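Here is what each chain is made of, one letter per residue.
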Amino acid sequence: MPRIFSNLNLHGATPPRVQPTLGEWGPVQVPSTKQKKRMRIWVTLALLGALIAIFLLGWYVYYAMTGSWGFGIGDERQFFEALLG
């Protein structure tokens, strides 16, 4: 089964004794694998929250302009009744 996300552990299959400590070979503030996974979850939740906020803002503007709840809810006459006369 193919993986959706890449492996966040950049050390791979190397033994712990040969893995560098933070700051030995690279930048000091490199995030750990656990921090990367946590950030991936937070970004997904933030994106979902932003999409919901944009949808609700659009719905509110539609409601303010038309006075209708939308999706045929709250109309005096239903769609098929309007077609039939």
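To keep things clear, this report deals only with the structure shown in the data block. (Residues numbered from 1 in each chain as written. Predicted model: local features only at pLDDT ≥ 70, side-chain atom pairs only at ≥ 80, totals over all residues. Heavy atoms only, no water.)

As for the packing of aromatic side chains
Right, on to step 1. Under the defined criterion, the tally for this structure stands at 1 aromatic pair.
Right, on to step 2. Summarising the aromatic geometry, the rings of Trp59 and Tyr63 are spaced 5.7 Å apart at their centres and angled 10° between planes, so their arrangement reads as stacked. A residue pair is termed a helical-turn pair when its members lie 3 or 4 positions apart in one helix, as Trp59 and Tyr63 do in helix α1 (residues 33-66) at 4 residues.
Right, on to step 3. The class of Tyr63 is partly exposed, set by a relative accessible area of 30%. (Phe/Tyr/Trp six-rings, centres within 6.5 Å; stacked < 30°, edge-to-face > 60°. Helix = DSSP H or I, 4+ residues; strand = E, 2+ residues; numbered from the N terminus. Buried < 20%, exposed > 50% of the residue type's maximum accessible area, 1.4 Å probe, protein only.)

Notes on α1
Right, on to step 1. When the terminal C-alpha atoms of α1 are compared, their 50 Å separation across 34 residues agrees well with the 50 Å that a helix rising 1.5 Å per residue should span.
Right, on to step 2. One or two steps after α1, the chain reaches Gly67, where phi turns positive at roughly 80°. (Expected span 1.5 Å × (residues − 1).)

With respect to the environment of Asn7
Right, on to step 1. In this fold, Asn7 is placed in the segment before α1.
Right, on to step 2. Along the sequence, Asn7 and Thr33 sit 26 residues apart, while their C-alpha atoms lie 8.9 Å from each other.

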